[in-house]
Each structure stands twice: as C-alpha cells, then as structure tokens.
Amino acid sequence: VVDYTTDLNTLVDAINKLTLNAIRDSNLTEGILELAEKFTSAKTERPVIVVVAISGGQAGPDPRNILDKLGNSGATMHAVTLEGGSSAAPVGAMGDESGREQVLGDGTKQTGGRRMNVNATTGVPKALQQVADDLLAQYVVTYTLPEGVKPNKRFNISTKRCGVTLRAPSIIP
C-alpha cells in the first residue's frame with residue numbers, strides 16, 4: 001500500500017485504507033505473485049512482503065509457480081494468519097485452501113521469513129511487532145565461492161551461538 005517509511009502517520013493512514021470486510025475468497029496468492037514479479041522486474045534491494053490473512057480462501061495460480069517467482073524475487077515473506085472462520089470447507093475448495101496454505105507456509109520458510117498463527121484479532125499487533133523486531137535485528141551475510149566451486153541455488157546457513165534465531169532463505173534468488 002505504501003513504500004518503506006518510518007513515518008507512523010503514513011503507515012496508520014495506509015492501514016486505515018484497508019477494508020475491514022475483505023471478501024473471504026479474495027485471492028491473496030495472486031497478490032503475492034504480483035508483488036514477487038514487481039520486485040523481480042524492479043530489482044528491489046532486500047524487499048519484504050508482510051501478509052496478514054484470515055485462514056482459508058482460494059489459492060489462485062499454481063502454488064509452485066508462485067513459490068518459484070517469490071524465490072527469484074529475493075523477497076522475504078512473513079505471514080500472520082488469523083485462525084477461525086468456518087472449519088468446514090466444501091470439497092471443491094479443499095485443493096484451493098491447500099494451495100494457499102502451501103504458499104503461506106512454504107513461502108515463509110523458503111524466503112527466510114516467519115509464519116505466525118493467531119487465534120484472535122487482538123494477537124495480530126503482537127505478531128506484527130515480532131515481525132518488526134525481526135526486521136530491525138537483521139544482518140546481511142555475504143559470501144564468496146572459492147575458485148572452481150560451481151554455484152548452487154540451494155542455500156543453508158547455521159549457527160551454534162546460544163540465544164540466536166537464524167532465519168535465512170533456503171534458495172538463492
């Protein structure tokens with residue numbers, strides 16, 4: 001809704017423009033795909049996608065395609081999911097929901113982000129604060145491959161330091 005800013009008034013104005021009565025079947029995954037494509041074409045430096053969603057809903061495009069584009073964009077995706085709503089989905093919608101869940105679950109893992117499920121709307125601010133804390137505590141790690149080593153898209157990083165949580169993408173864009 002808005003570009004990066006530290007101005008709280010701008011952020012509050014943007015949040016106030018969002019609808020409180022979103023269409024339950026609105027296609028969240030298409031929005032994630034669109035952002036990933038925009039970040040890829042604009043070559044945005046260290047983009048972040050933060051999703052706040054109600055559980056359930058349609059998946060839209062092929063989840064593998066969305067995850068591939070998301071990985072190639074270099075974006076880190078965080079998701080806060082409000083659990084609730086109807087637990088009984090029509091049989092035809094189950095595939096859509098599993099695709100959407102795949103995008104939200106695997107997308108956060110593959111990009112080095114975080115997914116948090118909350119049970120009530122009162123838990124959303126705390127979860128978003130945790131995302132903000134993560135973003136403020138980030139470090140950029142760079143590396144150079146030794147001569148003769150073939151690059152690989154797969155990536156793995158770990159730490160033995162106590163009290164440190166490490167989140168990193170599993171695929172290099």
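Everything in this summary refers to the structure shown in the same document. (Residues numbered from 1 in each chain as written. Predicted model: local features only at pLDDT ≥ 70, side-chain atom pairs only at ≥ 80, totals over all residues. Heavy atoms only, no water.)

Structurally, threonine 111 can be placed in helix α4 (residues 91–111). According to the relative accessible area criterion, threonine 111 is buried, its value standing at 5%. C-alpha separation for the pair threonine 111 and isoleucine 171, spaced 60 residues apart in sequence, amounts to 7.3 Å. If we skip the residues at most four places from it in the chain, threonine 111 touches Leu70, Ala75, Thr76, Met77, Ala168 and Pro169. Within the local environment of threonine 111, its side chain forms a polar contact with the backbone nitrogen of methionine 77, the two atoms lying 2.9 Å apart. (Helix = DSSP H or I, 4+ residues; strand = E, 2+ residues; numbered from the N terminus. Buried < 20%, exposed > 50% of the residue type's maximum accessible area, 1.4 Å probe, protein only. Contact = heavy atoms within 4.5 Å. Polar contact = N/O pair within 3.5 Å; in protein donor to acceptor, adjacent residues only side chain to side chain.)

Take helix α5 (residues 124–136) next. One turn of the α-helix equals 3.6 residues, which is why residues spaced by three or four share an orientation. The terminal C-alpha atoms of α5, which comprises 13 residues, lie 18 Å apart, in line with the 18 Å expected from a rise of 1.5 Å per residue. Among all positions in α5, only Val124, Ala127, Val131 and Asp134 are buried. Angularly, the buried residues of α5 cover 85° about the axis, an arc narrow enough to put them on a single face. Turned more than 90 degrees from where α5 packs its buried face, Pro125, Lys126 and Leu136 sit exposed. Against β1 (48–54), β2 (76–82) and β3 (115–118) lie the buried residues of α5. (Expected span 1.5 Å × (residues − 1). Arc of directions from axis to C-beta.)

Here the focus is the sheet that holds β1. Pairing is parallel across the open sheet formed by three strands, whose spatial order is β1-β2-β3. Sheet topology places β1 and β3 at the edges, where each strand pairs with a single neighbour. In this sheet, neighbouring strand axes are inclined to one another by 15° on average, regardless of whether the strands run parallel or antiparallel. Along the sheet, helix α2 (residues 28–42) makes contact with β1 and β2, crossing β1 at roughly 175°. (Pairing = 2+ DSSP bridges. Axes fitted to C-alpha atoms, helices over the stretch in contact; angles between N-to-C directions.)

Here we take up the packing of α2 against helix α3 (residues 63–73). How two helices sit against one another is set out by the angle between their axes and by the gap between those axes. With their axes 8 Å apart at the nearest point, α2 and α3 run at an angle of 35° to one another. Between α2 and α3 lies a crossing of left-handed hand. Contacts from Thr29, Ile32, Leu33, Ala36, Glu37, Phe39 and Thr40 of α2 reach α3 at Asn65, Ile66, Lys69, Leu70, Asn72 and Ser73. Looking at the contact of α2 with α3, its residues break down into six nonpolar, five polar and two charged. (Left-handed = near helix turned anticlockwise from the far one by under 90°. Nonpolar A, V, L, I, M, F, W, Y, C, P; charged D, E, K, R; others polar.)

The next subject is the pattern of salt bridges. For the structure on display, the rule yields five salt bridges. Lysine 69 is the salt-bridge partner of glutamate 37, the closest N and O atoms lying 3.5 Å from each other. Note that glutamate 37 is positioned in helix α2 and lysine 69 in helix α3, a separation of 32 residues in sequence. With relative accessibility at 33%, the residue lysine 69 sits in the partly exposed group. Notably, a salt bridge pairs aspartate 62 with arginine 64, separated by 3.4 Å at the nearest N-O pair. The class of aspartate 62 is partly exposed, set by a relative accessible area of 35%. When its relative accessible area of 56% is taken as the criterion, arginine 64 is described as exposed. (Salt bridge = Lys/Arg side-chain N within 4 Å of Asp/Glu carboxyl O.)

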